[in-house]
Amino acid sequence: MSSSVSNQFLNRRCNNMLRSLRIVAHLKPGNNCVRRWSSNGCIPDAKDLTGPHFRHNALSDEWVVFNPVRRSRPKQFQDEVVHKIPIITRDEKCPFCPGNEHLTPKALVQECSAENGDWNLRVIPNKFPVVSPMQEGNVQASPSPQTIHQTYSGTGASGHHEVIIETPIHHDPGAYLKHGPQIIERLLVNFRARARSHVSDHRTQQILMFKNNGQAAGASLLHPHAQLVALPIVPKPIADDDRYARHQYEKLGGCLFCHYLQAELDLGTRIVSENEDAVMMVPFAATTPFSLVIMPKRHSAWFFEVDGHNDDLHPEEVASLAKLISQGLTVLNELIDNLAFNLVVRSAPLPRGSFAAFNSAAYYHSHVEIIPRLGAGATAGFEIGSGMHSNSSLPEDDAEKLREFIKGI
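Residues numbered from 1 in each chain as written. Predicted model: local features only at pLDDT ≥ 70, side-chain atom pairs only at ≥ 80, totals over all residues. Heavy atoms only, no water.

### Concerning the pattern of salt bridges
As a working rule, side chains carrying opposite charge can pair if their charged atoms are close by. One pass over the full model with this rule turns up 15 salt bridges. Its salt-bridge partner being E396, residue R55 comes within 2.8 Å of it at the nearest N-O pair. Remark: E396 occurs in helix α9 (residues 395-407) and R55 occurs in strand β2 (residues 53-57); sequence separation between them is 341 residues. Its salt-bridge partner being E274, residue K297 comes within 2.7 Å of it at the nearest N-O pair. (Salt bridge = Lys/Arg side-chain N within 4 Å of Asp/Glu carboxyl O. Helix = DSSP H or I, 4+ residues; strand = E, 2+ residues; numbered from the N terminus.)

### Section: the nonpolar core
In terms of nonpolar packing, the biggest core is built from 76 residues, with F191 and F304 touching the most fellow members. The residues touching F304, leaving out its near neighbours within four places in the chain, are R192, A195, V199, I207, M209, D312, S347 and L350. C94, F96, C97 and W119 belong to the second largest nonpolar core, which has seven residues in total. (Core = buried A, V, L, I, M, F, W, Y, C linked by side-chain atoms within 4.5 Å. Buried < 20%, exposed > 50% of the residue type's maximum accessible area, 1.4 Å probe, protein only. Contact = heavy atoms within 4.5 Å.)

### Describing helix α3 (residues 180-199)
An ideal rise of 1.5 Å per residue puts 28 Å on 20 residues; α3 measures up with 28 Å between its terminal C-alpha atoms. Among the residues of α3, those classed as buried are G180, I183, I184, L187, L188, N190, F191, R192, R194, A195, H198 and V199. (Expected span 1.5 Å × (residues − 1).)

### Section: the side chain of E166
The topology assignment puts E166 in the loop between β9 (158-165) and α2 (173-178). A polar side-chain atom of E166 sits 3.1 Å from the main-chain amide nitrogen of H225. In contact with E166, not counting residues within four places along its chain, are N120, L121, Y176, I183, R186, L187, K211, P224, H225 and A226. (Polar contact = N/O pair within 3.5 Å; in protein donor to acceptor, adjacent residues only side chain to side chain.)

### Focus: unusual backbone geometry
The backbone phi angle of D61 is positive, close to 65°, even though this residue is not glycine. By the secondary structure assignment, D61 is in the loop between β2 and β3 (62-66).

### A few points about the packing of aromatic side chains
If you walk through the whole model with that rule in mind, you get three aromatic pairs. When the ring of Y249 is compared with that of Y363, the centres are 6.4 Å apart and the planes differ by 55°; the resulting orientation is tilted. One end of the pair, Y249, is in helix α4 (residues 236-252); the other, Y363, is in helix α7 (residues 360-363), and 114 residues separate them in sequence. Of the residues examined, Y363 reaches a relative accessible area of 3% and is grouped as buried. Between the NZ or CZ atom of R122 and the centre of the ring of W119, over which it lies, the distance is 5.9 Å. (Phe/Tyr/Trp six-rings, centres within 6.5 Å; stacked < 30°, edge-to-face > 60°. Lys NZ or Arg CZ within 6 Å of the ring centre and 35° of its normal.)

### Focus: the packing of α3 against helix α6 (residues 315-335)
One can describe the packing of α3 onto α6 by two numbers: an axis separation of 8 Å at closest approach and a directional angle of 125°. It follows that α3 is oblique to α6 by the angle criterion. Considering the relative orientation of α3 and α6, their crossing is right-handed. Residues G180, P181, I184, E185, L188, V189 and R192 of α3 pack against V318, A319, L321, A322, K323, I325, S326 and L329 of α6. (Axes fitted to C-alpha atoms, helices over the stretch in contact; angles between N-to-C directions. Parallel < 35°, antiparallel > 145°, perpendicular 65-115°, else oblique. Left-handed = near helix turned anticlockwise from the far one by under 90°.)

### Some thoughts on the pairing of strand β15 (residues 341-346)
Note on strand geometry: in a regular strand, side chains alternate between the two faces of the sheet. Within β15, five of the six residues are buried, leaving the element largely enclosed by the surrounding structure. Pairing of β15 with strand β16 (residues 367-372) involves six bridges; the strand directions are antiparallel. Across the sheet, the residue bridging to V344 is E369, located in β16. (Pairing = 2+ DSSP bridges.)

### Describing the environment of D398
In this fold, D398 is placed in helix α9. The sequence separation of D398 and P289 amounts to 109 residues, and the corresponding C-alpha distance is 7.0 Å. Apart from the residues within four sequence positions on either side, D398 is in contact with V282, P289, F290 and S393. Separated by 2.5 Å, the side chains of D398 and S393 make a polar contact.

### Concerning the confidence of the model for the protein
With 82% of its residues at a pLDDT of 70 or more, the protein has an overall mean of 85. Contacts from residues 1-20, a stretch scored under 50 in pLDDT, to residues over four places away or in other chains number 50 contacts. A low-confidence stretch, residues 25-43 (pLDDT under 50), is modelled with 40 contacts involving residues beyond four sequence positions or located in other chains. (pLDDT = per-residue confidence, 0-100.)

### Considerations on helix α5 (residues 256-267)
End to end, α5 covers 17 Å across twelve residues, agreeing with the expected 16 Å (1.5 Å per residue, within 8%). For α5, a buried count of ten out of twelve residues is recorded, marking the element as mostly surrounded by other parts of the structure. Of the positions making up α5, those classed as buried are L256, F257, C258, H259, Y260, L261, Q262, A263, E264 and L265. Two residues or fewer after α5 comes G268, characterised by a positive phi angle close to 85°.

### A few points about the side chain of S360
Topologically, S360 is positioned in helix α7. We classify S360 as buried; its relative accessible area is 3%. A polar contact is formed between the side chain of S360 and the side chain of D242, at a distance of 3.4 Å. Contact partners of S360, with chain neighbours within four places excluded, come to D242, A301, W302, A348 and P349.

Right, here's the structure in full:
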């Protein structure tokens, strides 16, 4: 597949781009807010923006405020000293390390090496789940809130919560990244297989797939692992994103994500890397420095197979995604000591319950996000009070740095 993304509505892209991607900025003191556009009138020209400005996230309808000057703020607090974590092949106290399998629940999946028979990936129920396991006898399609008080309501939290142990090696980022494409492809394949197993449970409405790496990203164990959570509800932020994508589909006459991807490919300044099946870019309205989005070129609403829909990702597309994710993590690891990050797979709500009436297959586009946890742009009073993120690093600069690092890999 070429760099061009074929979509029936792309001929109308320029007429609708003002809605999809936009900048509001103060370019000079005293100026009114102005919008700057490239000569064709449809793609934002951000290269001259150096002062404070807002950017609209075309995929979520949120705003992010940018001001690179904030990187020079005076500090009275000492930065935390970053101590490089030594390579540890096996930790005798780690429940995820080989030999400690008795410390975890019984494996749901265990893949073994053809060379020596040792396992190289395990999937286990989370011993400390965020939701209680769904019981087979409970046929209720989704939880019904129960009134606790005239003002309050609540219900039991049920679902499925699993851990995917990606490698038997406790901590060796170099080895992990050296074999990154294979390890990450294996992870994505198991994400899809485990998600598919929960799609068959009619109570499941949303499947979350994510990886927390490092204490700053919420990980409680150093050993590389990822998680999958199947929920009987669609969380409000996901429902809001789905609703916004649906409304934009009606206005654009096609998928907003495909629209966005084509615009970024046309401009190129935020593209970090690309292969036959996928594109890796820094988002136009990135919420943190060096955030990455890896998006398949072919439209697919779900990251896994859903009954009645045949637009599921192909195995070669999963392999292409894995290569870009591995490349992204490799370059971030070169830039950042003891890299902490969150990796999230975005996938549409399942077509059941209240979402059965909507055709997510037409308007949603699954993708992967990598969010480094650098401290910069961390949630503080402004973010809590405004509901907006602030970022002191321009996406165009971040993409350029990442491209340069990739050349040296």
